[in-house]
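Results of the structural survey
Each chain, written out:
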Amino acid sequence: MRLIIQPDYDSLSKWTATYIANKIINHNSSKPFVLGLPTGSSPLGTYNELIELNRQGTISFKNVVTFNMDEYVGLNQGHTQSYHSFMWENFFRHIDIPFDNTNIPDGSALNIEEECAIYEKKIEKAGGIDLFLGGIGPDGHIAFNEPGSSLSSRTRVKTLTHDTVVANSRFFDNDINKVPKTALTVGVGTIMAAKEVLIIVNGLNKARALQKGIEEGINHMWTISALQMHPKGIVVCDELATYELKVGTYRYFKDIEKENLEAGL
Ligand code: GLP
């Protein structure tokens with residue numbers, strides 16, 4: 001696993017957007033580039049950078065197909081806090097991606113289990129995910145794979161922990177009663193099946209999760225730790241998120257990535 005330590009959120013966002021842009025530019029196939037995407041505040045800087053690269057004509061999303069990680073159960077797509085609204089508001093409507101190339105699980109589907117199975121099939125039909133971008137919750141969850149999730153899980157419905165409901169209540173007038181209690185989410189196994197996984201970790205409130213995911217063993221209580229098994233896993237973090245790492249771990253990754261970072265890789 002690579003750990004890229006950037007000074008702050010802006011440089012982390014620039015690095016991540018440049019990495020994704022290079023993957024899209026160098027994608028050498030008649031098939032579209034398949035990009036897995038998260039919501040949340042962590043990827044917002046990256047989305048803004050990608051929007052700018054698209055606006056400047058450096059990259060195009062016309063040959064990119066996207067799959068979002070998750071969606072609240074019970075919110076229709078038009079709800080202001082649905083992940084569908086989030087993606088269109090913060091990313092898709094600002095870039096040249098065709099509507100039909102975007103996939104987001106439907107949390108208002110009448111048959112949720114069927115929706116989960118269809119979603120997995122769609123990913124398979126697209127040829128699998130080339131690069132899955134993600135964030136983590138303070139408890140180390142990826143997508144909505146809360147502590148205790150099977151590390152080989154696939155798309156399904158998960159109950160959110162109280163901590164996650166509280167954390168996400170900031171988008172629901174700080175009222176935990178308004179936050180949906182379940183979500184439809186890709187599994188840890190779905191993310192790990194991607195050819196590459198890139199996880200953004202920023203801020204002091206993610207420091208403990210980063211430490212568990214990087215320095216400790218693979219454990220279903222910190223689902224981010226499954227990334228240790230991935231052949232091409234990258235975590236990009238800011239300085240604040242490194243506060244719980246050992247000095248030795250911090251220095252090791254700074255040292256080993258020095259030349260890559262100098263070369264812009
Ligand atoms: C939610 C999402 C995750 C996201 C996490 C962190 O739980 N399901 O995909 O990584 O929030 O959000 P933020 O980036 O706002 O801290």
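Quantities reported herein were computed from a predicted structural model and do not represent experimental measurements.

What counts, and at which threshold
Residues numbered from 1 in each chain as written. Predicted model: local features only at pLDDT ≥ 70, side-chain atom pairs only at ≥ 80, totals over all residues. Heavy atoms only, no water. Helix = DSSP H or I, 4+ residues; strand = E, 2+ residues; numbered from the N terminus. Buried < 20%, exposed > 50% of the residue type's maximum accessible area, 1.4 Å probe, protein only. Contact = heavy atoms within 4.5 Å. Areas by Shrake-Rupley, 256 points an atom, 1.4 Å probe, with all protein chains shown as cover. Lys, Arg positive; Asp, Glu negative; His and termini not counted. Charge placed at Lys NZ, Arg CZ, Asp CG, Glu CD. Axes fitted to C-alpha atoms, helices over the stretch in contact; angles between N-to-C directions. Parallel < 35°, antiparallel > 145°, perpendicular 65-115°, else oblique. Polar contact = N/O pair within 3.5 Å; in protein donor to acceptor, adjacent residues only side chain to side chain. Pairing = 2+ DSSP bridges. Salt bridge = Lys/Arg side-chain N within 4 Å of Asp/Glu carboxyl O. Near = heavy atom within 4 Å. Nonpolar A, V, L, I, M, F, W, Y, C, P; charged D, E, K, R; others polar.

Here we take up the overall build of the protein. Each helix and strand counted, the protein has 8 helices and 10 strands in total. If you line up the protein on its principal axes, its C-alpha atoms span 50 × 40 × 35 Å. Looking at the 265 residues of the protein, the share that counts as buried comes to 54%. Contacts in the protein between residues at least 24 apart in sequence constitute 79% of all its contacts with a sequence separation of at least 6. Just so you have it, the protein exposes about 12,200 Å², and 51% of that area is on carbon and sulfur atoms. In the protein, 25 side chains carry a positive charge and 31 a negative one; their mean positions are 3 Å apart.

For the rest of this paragraph, the subject is the packing of helix H2 (residues 44-55) against helix H3 (residues 83-90). At a minimum axis separation of 10 Å, H2 and H3 run at an interaxial angle of 40 degrees. Considered as vectors, H2 and H3 are oriented oblique to each other. In contact with Leu44, Tyr47 and Ile51 of H2, H3 contributes Phe86, Met87 and Asn90.

Take the side chain of threonine 102 next. Locating threonine 102 in the fold gives a position in strand E5 (residues 102-103). From its side chain, threonine 102 meets the backbone oxygen of phenylalanine 99 in a polar contact 2.7 Å long. The residues touching threonine 102, leaving out its near neighbours within four places in the chain, are Thr66, Trp88, Phe92 and Ile97.

In this section: the sheet that holds strand E4 (residues 70-72). Ordered by their spatial adjacency, 3 strands build an open sheet running E4-E8-E7, and the pairing between neighbours is antiparallel. What marks the edges here is a single partner per strand, and that holds for E4 and strand E7 (156-159). Averaged over all pairs of adjacent strands, the angle between strand axes in this sheet comes to 30 degrees, irrespective of strand direction. Inspection of the sheet shows E4 paired to strand E8 (residues 182-185) by 3 bridges, in the antiparallel sense. Counted as the bridge partner of aspartate 70 is threonine 185 from E8.

Let us now look at the pattern of salt bridges. One pass over the structure, following the stated rule, counts 12 salt bridges. Across the salt bridge formed by glutamate 196 and lysine 23, the nearest N and O atoms sit 2.8 Å from each other. Placement of glutamate 196 in strand E9 (residues 196-201) and of lysine 23 in helix H1 (residues 9-25) is noted, with a sequence separation of 173 residues between them. Residue class for glutamate 196 comes out buried when judged on its relative accessible area of 6%. In this structure lysine 23 comes out as partly exposed when scored by relative accessible area, which is 25%. Salt bridges here are not isolated pairs; linked through shared partners, they connect Lys23, Glu196 and Lys232.

Around the ligand sit 13 residues in total, of which Ser41, Ser42, Asp70, His141 and Lys206 are the nearest. In the environment of the ligand, an oxygen atom lies 2.7 Å from a nitrogen or oxygen atom belonging to the side chain of serine 41. The contact in question runs from an oxygen atom of the ligand to an N or O atom on the side chain of serine 42, over 2.5 Å. Compared with its free state, where it exposes 390 Å², the ligand has 94% of that area covered by protein. Taken together, the residues of the shell around the ligand break down into 4 nonpolar, 6 polar and 3 charged.

Quick look at unusual backbone geometry now. Positioned with a positive phi, aspartate 173 is a non-glycine residue whose angle comes to about 55 degrees. Structurally, the position occupied by aspartate 173 is in the loop between helix H5 (162-168) and E8. On the basis of relative accessibility, which here comes to 59%, the residue aspartate 173 falls in the exposed class. A positive phi angle is found at asparagine 174, which is not glycine, with a value near 55 degrees. The class for asparagine 174 is exposed, based on a relative accessible area of 61%.

Turning to the pairing of E8, a few remarks are in order. As paired elements, E7 and E8 share 4 bridges and run antiparallel to each other. In the strand pairing of E8, valine 157 is matched with leucine 184.

As summarised here, the arrangement of the 7 strands in space is E1-E10-E9-E6-E2-E3-E5, forming an open sheet in which the pairing is parallel. Every interior strand has two partners, whereas the edge strands, strand E1 (2-6) and E5, have only one. Taken together, the 2 bridges between strand E3 (residues 64-68) and E5 define a ladder with parallel strand orientation. Residue phenylalanine 67 lies in a different strand from E5, and its bridge partner there is asparagine 103.

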